[in-house]
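The primary structure of each chain is shown beneath.
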Amino acid sequence: MTPLAEEKIREFNVVKKNTDKVDGKALVSGKPVYTDDFDARDELQVKLVRSPHAHATIKSIDASEALKIPGVVAVLTSDDLPRVCFTRAGQGYPEPSPYDTFVLDRRVRYVGEPVAIVAAETEKAATAAVKAVKVEYELLKAVLSMDDAMKPSAPTIHPEEEASGIFDAERNIAAHFEMEIGETEKILKDCDVTISRTYHANTQLHAMLEPHVSRSYLDPNNRLVIVSSTQVPFHARRILSRIFNIPISSIRVIKPRIGGGFGGKQALHTEQYVAAVTLATRRPARLIFTREEVSMATNIRHEMQYEVKIGASKDGKIRAISMDGVSNTGAYGEHALTTLMVSGSKTLPLYNKVEAVRFSGNVVYTNLPPAGAFRGYGAPQGLFALDCIVDELATELGLDPLTVKEMNSIREGESSPIFKLMGEGREGVEQIVRSCKLQECIDRGKELIGWEKRSKGMLPDSRRAKGYGCAIAMQGSGIAKIDMGAATIKMNEDGSFNLLIGATDIGTGSDTALAQIAAEVLHVTVDKIIVYSSDTDFTPFDTGAYASSTTYVSGNAVKAAAEKVRMQILQGASEILEEPLPNLELTLAEVHSKETGKTISYSDICTQLFYTFNQRQIGATGSFVGEESPIPFMATFAEVEVDMETGQIDLKKLVSVADCGTPINPVQALGQLEGGTMQGIGWALFENVMYSQTGRMLTTDFFTYKVPTRMDYGELICELAESYEPTGPYGAKSIAEIGIDSPIPAIANALYDATGIRLREAPFKSEKLLFEILSREV
Amino acid sequence: MKITINVNGKTHVVKIESAEMLLDTLRRLGYKSVHRSCDSASCSSCTVLLDGNPVLSCCVFSATADGRFVETVEGLGSGEELHPIQKAFLEEGASQCGYCIPSLIMTTKALLAVEPDPTESEIREMLVGNICRCTGYEAQTRAVKKASRYLRGDEE
Amino acid sequence: MLPNVKEFIRPETVQEAYALLEKNRKATVLLAGGTIVSQMRSSNIETIVDLRKTGLDKIVQKPDEIAAGAMVTAEQFRQDRLIADRYGDFFYDSFGLIGNWQLRNMITLGGSIAPRLGWSDITTCLMTVGASLLVYGQDDYQTLCIGDYFQIPSSERPIITHIILPDEDWRYAFYRFARSAFDIATLNMGIAMKLNDRRIVSSRIVCGSRPMFPARMESVEESLVDLNFDEQTPGIVRSLVYDNFSGGSNMIASSEYRNHLASVLAERAVKKIGEIIL
Ligand SMILES: Cc1cc2nc3c(=O)[nH]c(=O)nc-3n(C[C@H](O)[C@H](O)[C@H](O)COP(=O)(O)OP(=O)(O)OC[C@H]3O[C@@H](n4cnc5c(N)ncnc54)[C@H](O)[C@@H]3O)c2cc1C
């Protein structure tokens, strides 16, 4: 252990305890808390007319029949809307994603793209009107695969001249990145063993249970109010201001409880349409997506393919790695560059002892649904390739894969030049790994899966083969020097505190974790902290719920605000008690003098400061931006059984042990890890997005798109290997994304162990596996 | 048409459209715990108990519920006091976003009515339809077990 | 959601229901469990005829058969005592693989057969036990085998009132393969055998989710007649099924894969029957 991390792993009063979720009682009681649960008077129901074609220009739109339907109030087309090019991606500003999107355009680029907005008094009338709007299209050749996107014959998907930030629009390349440290090709040639493989991770749907929904209305002062199930209320406000050319001061975005996001609500999907209706009609409006719309017309995960080369010496020392990728961003370039970069920057530093490393990739446009942010944000696609090739390398060398991973991976106190070279959309920051319990994760994982005692091969009944696999992973905690969070705390005269945070709890439990941090600093129980989050009128700024940032970034902001308030409380007490500050200390909801033994309760302090003595409000705002992005680590182990006659894959057991620093709320941290892991399992085994030959997504519901159920796995064990991150709030790093990174490679490696067959395209399908088994038998 | 339904002990006489779904009627009546999600009868977020049996309210025509008894999570607990199942779910951290939780609690209630002490595999089998995208299901299994202990009086 | 429904009718007899259906077939839909009707989007439908009050929700023992009402739900059927006495765990286990608890509380036997779903495990299982249908239509009550029901043009198709389960002492096994725990079958296979001592007197080999409607593999059944049931039998059935399979491809699986699954599931089903008798 380096001295850096040794710092006080200490006992806390509130932190590291399983406090009930602050919103938990409302959730288990089924209280109306989600966007669609609030009824409104006089509200218009909004529906979108969508393109049945993957690529076409719109020749004409005839809404006359639709407008005749009783109750239909408005049909808006691109002619009625400002022609402002923007990106729906909710990211720091200026955004690294290209501006290539209009609220409505005269060209459609994927099946399901909106072409007109319908507003009616009832949902029924709106639905009927959608059918009645006549759109005449001129069909264009559609690009339906990454392979086709860059062919010279491919049509250009984004010829519009207003677009900006596209890397090479003519060749359908939304973004490109390359970097090299050392002379990769030369070293690869010089290695005892060099192998080259291609891995392909297909797309995935977020499948959050609450569909995208928003409501809008004008407040009595004619300000535009949007209530939305969003992960990024402040970005939403900024983007809406730009699109509709209204000042930020005239917009308020409110985030109520959110029914899951996973990145799928880190972009504007509904807000611009209700806003358009409310601005045009001056009436409240509501838009809730159907499941089909959620699936095919919001965002999906970037499909990525990597060609990887790796070289090592005989003893297993990895000397050089080269990764060459293509990523499919679909019709729009949301998060295109950044997800590509993350797939390298949050995987390659794991093997920081290489002599040379190269990473490059193109992100291409296709006429498929636009890809966007999704838990892991490129890292799982990259790790599938990287971890599996290390596994394959070990096999080639006749070494144990885990040993090779252990001997080459990054450790506490070490660094990687990649941290500086690859940020998100720009340069990163130099950093050393101040806390890393990767080895502890591996050791504990081995114990839990029974790694040393494992036996593989055919089981006694001779139809089933068993195998084990492992993978190691890393992620980040917020985007260094970009993600900023702020918190305001004010004190009330009963000794309670309002904690106002821009941080966006989308179900993760961040409101609770942040309340715990505040309570810890202020020396009160959590019930004294009243949390209000994500209302752009009432809470300070925060970039939003993404990039595993909230606990680390917003948590540090809360800590900073609470520390200021704590000083003010001491100051107030000092004035009232007439005792010098150094004599005073906080005990539970009280200030106590070490010298005189005098004690005054928070409630007394605040009551006096409000009403009778040196009157003022105790309160402060703190903010934080990470100078670094501390890395959580994880080891995952999978045990699989394969039915060699049907190819059926049975995940008997999966173990993930993660180092997230101090778990502020251990149950919630584990919940994030388990949930992420389950999404990874789903992606590895069941979640298969399919398209028709014309580019229409076929798997738009849960009847065809199989999200894992509670019977689709055997045993799932998640644990935390605690460390202390000195730059984190009470030692915390992050846990929100990392769980999803490693199930795919761990399962791929286990399948190989069981069957001797390497599947390099995820998800892994029984049918494919069976035919591989049969072709080998021939 | 008009129907009479009893929701959580309260009788409602409501005007409905002929092809209206129970999910919509209940939400219109203010039972917002009944959530719409999948549009394909495959996530169970809209589960309610109809004459005691868990069903998907998105597939039940309101007209067929005429004269019948519906239970939703709003009917559990009393005032500030949570029902033991709700308490167990809260304590075990079984909910993240919470969207699937009301339906899961109602299905659990029905399960514990027929099987007061379910094994882990019975819990998984009977609740398999209740899709949760956030949690990974483990905490929910622990919550159902805890709820069963509460209801049997094995744990306070 | 059916956008143009004007009437929701709850007749109390099958006769009444049939008359309502006959009034305007194109604009009328019968309602059983509702799991399919609720998903319909057709703008033609103006009348829903709910069968819930027609008294078709009981399972009764008749002299030579069991009659299960068309409105009996999958869960009710698998939990029924008469059915358990007659078939042991066959239906309890097989129907337990269908959908989930909520769906099984809703989906009915009649509603599962009538829409001619390829993937219906219910239909495959019922065909495996040799069930026939009692239907009510223009020729009054009539008994038909499941296949013949669909020969009747849809414009005249009667209402299924009961599923008739013959009294027979056969052995049954059912297997299904699906991509995940809650998925329709990629393929399902039901096998029934009548044995005299060890001699196979007769058999039913029913393959469903091919993805087409379940069908009996008659040529395989014929080849098995009079064979002695021994350790070789599962392997023989496997290769016969492999050679005689007819199925198709869809987004779930290719026909080659299904062909393979059919033979493997058939072998397993016959082995299971073997475990009961050998
Ligand atoms: C998500 C999901 C998964 C499923 N998975 C499976 C599975 O794995 N295996 C399986 O076997 N099933 C499965 N099912 C059930 C199956 O797909 C059908 O939904 C179900 O069998 C329909 O039954 P019902 O009683 O709800 O029919 P309804 O929706 O009420 O009716 C279906 C059709 O049958 C007609 N009909 C109904 N009753 C009669 C009658 N007595 N006479 C004549 N016509 C009638 C109706 O007019 C309608 O056209 C699944 C369903 C869903 C929604």
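Residues numbered from 1 in each chain as written. Chains lettered and ligands numbered in written order. Predicted model: local features only at pLDDT ≥ 70, side-chain atom pairs only at ≥ 80, totals over all residues. Heavy atoms only, no water.

### Topic: the overall build of chain B
- Looking only at helices and strands, chain B has 5 helices and 5 strands in total.
- Going from N to C terminus, chain B has its helices and strands arranged as β-β-α-β-β-β-α-α-α-α.
- A compact globule built from 156 residues would reach a C-alpha radius of gyration of about 15 Å, and chain B, at 15 Å, matches this within 12%.
- In terms of overall dimensions, chain B has C-alpha extents of about 45 × 30 × 25 Å along its principal axes.
- When each of the 156 residues of chain B is scored for burial, the buried share is 65%.
- A separation threshold of at least 6 residues defines the contact pool for chain B, and within that pool the share at least 24 residues apart is 56%.
- Total accessible area on chain B stands at roughly 5100 Å², and carbon and sulfur atoms take up 47% of it.
- Taken as two groups, the 17 positive and 21 negative side-chain charges of chain B have centres that lie 6 Å from each other. (Helix = DSSP H or I, 4+ residues; strand = E, 2+ residues; numbered from the N terminus. Rg over C-alpha atoms; globule rule 2.2 N^0.38 Å. Buried < 20%, exposed > 50% of the residue type's maximum accessible area, 1.4 Å probe, protein only. Contact = heavy atoms within 4.5 Å. Areas by Shrake-Rupley, 256 points an atom, 1.4 Å probe, with all protein chains shown as cover. Lys, Arg positive; Asp, Glu negative; His and termini not counted. Charge placed at Lys NZ, Arg CZ, Asp CG, Glu CD.)

### Here's the deal with the environment of Y377 of chain A
Residue and element names in this part refer to chain A.
- Here Y377 lies in the loop between β15 (356-365) and α11 (379-397).
- Overall, the relative accessible area of 9% leaves Y377 in the buried class.
- The sequence separation of Y377 and I738 amounts to 361 residues, and the corresponding C-alpha distance is 10.0 Å.
- Leave out the neighbours within four places in its chain, and Y377 touches Q91, R301, H335, T338, T339, V342, E424 and E737.
- Within the structure, Y377 has its side chain in polar contact with the side chain of Q91 (distance 3.4 Å).
- In terms of polar contacts, Y377 uses its side chain to reach the side chain of T338, at 2.8 Å. (Polar contact = N/O pair within 3.5 Å; in protein donor to acceptor, adjacent residues only side chain to side chain.)

### Concerning the domain arrangement of chain A
All names here are of chain A.
- The domain architecture assigned to chain A consists of domain 1 (40-140 + 206-296), domain 2 (175-202 + 303-433), domain 3 (434-471 + 631-778) and domain 4 (484-625).
- With centres defined by C-alpha atoms, the gap from domain 1 to domain 4 works out at 38 Å.
- Counting residues at the interface gives 22 residues for domain 1, matched by 21 residues for domain 4.
- Summing both partners gives a buried area of about 1500 Å² for domain 1 against domain 4, and 49% of it is carried by carbon and sulfur.
- Contact with domain 4 buries surface across domain 1, with Q231, F234 and K255 losing the most and accounting together for 39% of the total.
- A salt bridge links R252 to D535; the shortest N-O distance between them is 2.7 Å. (Domains from an automatic or database assignment. Buried area = accessible area lost by both parts, 1.4 Å probe. Salt bridge = Lys/Arg side-chain N within 4 Å of Asp/Glu carboxyl O.)

### A closer look at the interface of chain C and chain B
- Opposite the 26 residues of chain C that make contact, chain B presents 31 residues.
- Across the interface of chain C and chain B, roughly 2300 Å² is buried in total on both sides, 66% from carbon and sulfur atoms.
- Looking at the side of chain C facing chain B, the largest losses of area belong to F8, W101 and Q102 of chain C, adding up to 30% of the total buried there.
- Here chain C and chain B share 1 salt bridge between them.
- For D66 of chain B, the salt bridge goes to R10 of chain C, with nearest N and O atoms at 3.0 Å.
- Our count for the chain C to chain B interface comes out at 7 residue pairs in polar contact (both at pLDDT 80 or more).
- Only β1 (7-9), β3 (47-50) and α5 (101-104) of chain C provide two or more residues apiece to the side of chain C that touches chain B.
- Considering each element in turn, the side of chain C that touches chain B owes the most residues, 3 residues, to α5 of chain C.
- Tallied by class, the residues present in the side of chain C that touches chain B amount to 11 nonpolar, 9 polar and 6 charged. (Nonpolar A, V, L, I, M, F, W, Y, C, P; charged D, E, K, R; others polar.)

### Quick look at the interface of chain B and chain A
- Contacts between the two partners involve 50 residues from chain B, matched on the other side by 51 residues from chain A.
- For the pair chain B and chain A, the summed buried area comes to about 4000 Å², and 54% of that belongs to carbon and sulfur atoms.
- Counting across the interface, chain B meets chain A through 7 salt bridges.
- A salt bridge links K124 of chain A to E17 of chain B; the shortest N-O distance between them is 3.0 Å.
- There are 29 residue pairs in polar contact (both at pLDDT 80 or more) connecting chain B and chain A.
- Of the residues that constitute the side of chain B that touches chain A, the class distribution is 21 nonpolar, 15 polar and 14 charged.

### Brief notes about the packing of aromatic side chains
- For the structure shown, the criterion picks out 27 aromatic pairs over all chains.
- Plain terms: the ring middles of Y199 of chain A and F384 of chain A are 5.6 Å apart, the flat faces sit at 65° to each other, and that makes the pair edge-to-face. In this pair, Y199 of chain A is assigned in strand β8 (residues 193-201) and F384 of chain A in helix α11, connecting sequence segments 185 residues apart. For the pair shown, Y199 of chain A and F384 of chain A are each scored as buried.
- Between the aromatic rings of F91 of chain C and F95 of chain C, the centroid separation amounts to 5.2 Å while the plane-to-plane angle is 80°, which identifies the pairing as edge-to-face. Of the two residues, F91 of chain C and F95 of chain C both sit in helix α4 (residues 90-96), 4 residues apart, roughly one turn of that helix. Grouping residues by exposure puts F91 of chain C and F95 of chain C together as buried. (Phe/Tyr/Trp six-rings, centres within 6.5 Å; stacked < 30°, edge-to-face > 60°.)

### Some details on the site of the ligand
- The ligand sits among 38 residues. The nearest are L30, T35, T108, S112 and D121 of chain C.
- Two or more chains meet at the ligand, and those chains are chains A, B and C.
- Within the contact set of the ligand, an oxygen atom lies 2.6 Å away from a side-chain nitrogen or oxygen of T35 of chain C.
- Within the side chain of S112 of chain C, a nitrogen or oxygen atom sits 2.6 Å from an oxygen atom of the ligand.
- Out of a free accessible area of 980 Å², the ligand has 94% covered by protein chains. (Near = heavy atom within 4 Å.)

### Observations regarding the packing of α11 of chain A against helix α12 (residues 401-408) of chain A
All names here are of chain A.
- For the pair α11 and α12, interaxial distance at closest approach is 8 Å and the crossing angle is 115°. As for the relative orientation of α11 and α12, their crossing is right-handed in sense. Contact residues: D387, V390, D391 and A394 in α11; P401, V404 and K405 in α12.
- Class assignment of the residues belonging to the contact of α11 with α12 gives a composition of 4 nonpolar, no polar and 3 charged. (Axes fitted to C-alpha atoms, helices over the stretch in contact; angles between N-to-C directions. Left-handed = near helix turned anticlockwise from the far one by under 90°.)

### Overview of the pairing of strand β11 (residues 199-208) of chain C
Residue and element names in this part refer to chain C.
- The buried fraction of β11 amounts to 7 of the 10 residues, a majority that puts the element mostly inside the structure.
- Note: strand β10 (residues 187-196) against β11, 9 bridges, orientation antiparallel. Bridge pairing in β11 links I191 to I205.
- Pairing geometry for β11 and strand β12 (residues 215-216), over 2 bridges, is antiparallel. Paired with V206 across the two strands is R216, which belongs to β12.
- Joining the antiparallel neighbours β11 and β12 is a turn of 6 residues, in which S209 adopts a positive phi near 55°. (Pairing = 2+ DSSP bridges.)

### With respect to the state of the cysteines
- As enumerated under the stated definition, the model contains 0 disulfides over all chains in all.
- The thiol of C125 of chain C is unpaired, and the distance to the nearest cysteine sulfur, on C207 of chain C, comes to 13 Å. (Disulfide = S-S within 2.5 Å.)

### Description of the environment of N196 of chain C
Residues and elements named next belong to chain C.
- Along the chain, N196 falls in strand β10.
- Looking at N196, the relative accessible area reads 44%, which means it is partly exposed.
- For the pair N196 and R210, spaced 14 residues apart in sequence, the C-alpha to C-alpha distance is 31 Å.

### So, the pattern of salt bridges
- Going through the model one piece at a time under the given rule, you end up with 103 salt bridges over all chains.
- Its salt-bridge partner being R268 of chain C, residue E645 of chain A comes within 2.8 Å of it at the nearest N-O pair. In this pair, E645 of chain A sits in the loop between β25 (633-643) and β26 (649-659) while R268 of chain C sits in helix α11 (residues 255-277), so the two residues belong to two different chains.
- By relative accessible area, which is 16% here, E645 of chain A ends up buried.
- Salt bridges here are not isolated pairs; linked through shared partners, they connect R197, D387, D391, E392, E396, K405, R758 and R760 of chain A.

### What about helix α8 (residues 271-281) of chain A?
Residue and element names in this part refer to chain A.
- Burial runs high along α8: 9 of the 11 residues are buried.
- Within the span of α8, buried status applies to E271, Q272, Y273, V274, A275, A276, V277, T278 and T281.
- Trailing α8 by a residue or two, R282 shows a phi angle of about 60°, which is positive.

### Section: the confidence of the model for chain B
- Averaged over every residue, the pLDDT of chain B is 97; residues scoring 70 or more account for 100%.
- With pTM at 0.97, the complex prediction returns an ipTM value of 0.98. (pLDDT = per-residue confidence, 0-100.)

### Brief notes about the sheet that holds strand β21 (residues 584-587) of chain A
Residue and element names in this part refer to chain A.
- Strand order in the open sheet made by the 3 strands is β21-β22-β23, with antiparallel pairing throughout. The open sheet is flanked by β21 and β23 (599-601), the only strands paired with a single partner. The mean angle between the axes of side-by-side strands here comes to 25°, regardless of whether they run parallel or antiparallel.
- Set on the sheet, helix α17 (residues 602-611) makes contact with β21, β22 (590-593) and β23; between it and β23 the angle comes to about 70°.

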